[in-house]
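Secondary and tertiary structure notes
Take a look at the letters that make up each chain.
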Amino acid sequence: MAQHDQLHRYLFENFAVRGELVTVSETWKQIMENHDYPTPVKTILGELLVATSLLTATLKFDGDITVQLQGDGPMSLAVINGNNNQQMRGVARFKGEILADADLKALVGNGYLVITITPAEGERYQGVVGLEGDTLAACLEDYFLRSEQLPTRLFIRTGDVDGQPAAGGMLLQVLPAQDAQADDFNHLAALTETIKAEELLTLPANEVLWRLYHEEEVTLYDPQNVEFKCTCSRERCADALRTLPDEEVNSIIAEEGEIDMNCDYCGNHYVFNAMDIAEIRNNASPADPQVH
Ligand SMILES: [Zn+2]
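Residues numbered from 1 in each chain as written. Predicted model: local features only at pLDDT ≥ 70, side-chain atom pairs only at ≥ 80, totals over all residues. Heavy atoms only, no water.

Put simply, the test is: UniProt positions are given in the numbering used here, feature names are shortened, and annotations may be inferred rather than shown by experiment.
As recorded in an unreviewed UniProt entry, the chain goes by the name 33 kDa chaperonin, listed as coming from Buttiauxella izardii. Looking at the chain in UniProt, the text filed under Subcellular location (unreviewed entry) is "Cytoplasm".

**Considering the overall build of the chain**
Put simply, the rule reads: Numbered from the N terminus, helices here are DSSP runs of H or I no shorter than four residues, and strands are runs of E no shorter than two. A radius of gyration in this sense is built from C-alpha atoms; the matching globule rule multiplies 2.2 Å by the number of residues raised to 0.38. Whether a residue is buried, partly exposed or exposed follows from its accessible area with a 1.4 Å probe, protein chains only, as a fraction of its type maximum: under 20%, in between, or over 50%, in that order. Any two residues whose heavy atoms approach within 4.5 Å are treated as being in contact. Methods summary: accessible areas were calculated by the Shrake-Rupley approach with a probe of 1.4 Å, and residue burial reflects only the protein chains presented. Charge counting follows a simple rule: Lys and Arg are positive, Asp and Glu are negative, and His as well as the terminal groups are ignored. The location of each charge is read from NZ of Lys, CZ of Arg, CG of Asp or CD of Glu.
A tally of regular secondary structure across the chain gives 10 helices and 14 strands. A compact globule built from 292 residues should have a C-alpha radius of gyration of about 19 Å, and the chain, at 21 Å, falls within 12% of that. On the principal axes, the C-alpha backbone points of the chain span a range of 70 × 40 × 35 Å. Per-residue burial over the chain gives 48% buried out of 292 residues. In the chain, once contacts between residues fewer than 6 apart in sequence are set aside, the share between residues at least 24 apart is 61%. Total accessible area on the chain is roughly 14,800 Å²; 45% of this is exposed by carbon and sulfur atoms. Treating the 20 positive side-chain charges of the chain as one cloud and the 47 negative ones as another, the clouds have centres 1 Å apart.

**Re unusual backbone geometry**
Positive phi values are uncommon outside glycine, yet Asn 34 reaches one of about 65 degrees. Position of Asn 34 among the secondary structure elements: in the loop between helix H1 (26-32) and helix H2 (39-56). The phi angle at Gln 86 is positive, at roughly 60 degrees, despite the residue not being glycine. Tracing the backbone shows Gln 86 in the loop between strand S4 (75-83) and strand S5 (87-94). Exposure remark for Gln 86: the relative accessible area of 0% places this residue in the buried category.

**Points about the domain arrangement of the chain**
Rules: Domain start and stop positions are those given by an automatic or database domain assignment.
Assigned domains of the chain: these are domain 1 (6-228) and domain 2 (234-283). Once you take the C-alpha centre of each, domain 1 and domain 2 turn out to be 36 Å apart.

Given below as structure tokens:
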């Protein structure tokens, strides 16, 4: 039985190609908690989660990646943010009726895929591609084609395991500064393409690799855990409050008695009363978090 919420890296010994394999269930479940998403929105969030996990695992530095779909369709936004420690969070916004069989185009309408890479130190990079592919994986491959030199393929599957939603994905990428033959890469991609959701979501990683590439020599490295974690904090909320004009903050306090800031990602509330605001303005450290 596969253990979910783990990311595996692997390497082909005879080709300049590396791979990644990830499966998620608990992480995905926690992202969907406290939200009432229609099934197609849940599925897209699962696919985005898998994609973000695979993409952050390609980072050569500390930092995070945000993969975001936005458009004029009923789902105006779906976003997953993850960092190099495989800590993931995400949210979607939708309105109106969403048909049970709505695909990517029907959900997003005319839209874009926006990928933002934010290193812990250094400059932020943003890439934007129109949604020309039929699937998220195809749109991401389009992004890699346009923004990077390294040929990259993604394979994303969603399904159920024992009645629980589970999602998984694989990534193949040519190693930087190496001369992988296009034929070899296409051959490995064609093998990977054959992975079925059931196999990816229920078999241990080494068995998946064996089924796909039994004629190749593959090294599988120790997995990294994937988890849900929101990076919101009372301090970050206080920082945001500091950027607002005093009059605006004062008028909310006068009307509501407090400012209640709600994190879209995890649902946490951060409440600031007049005294907290005074402390923030004095640059004193804010009181203990009020989380519920
Ligand atoms: Zn949060």
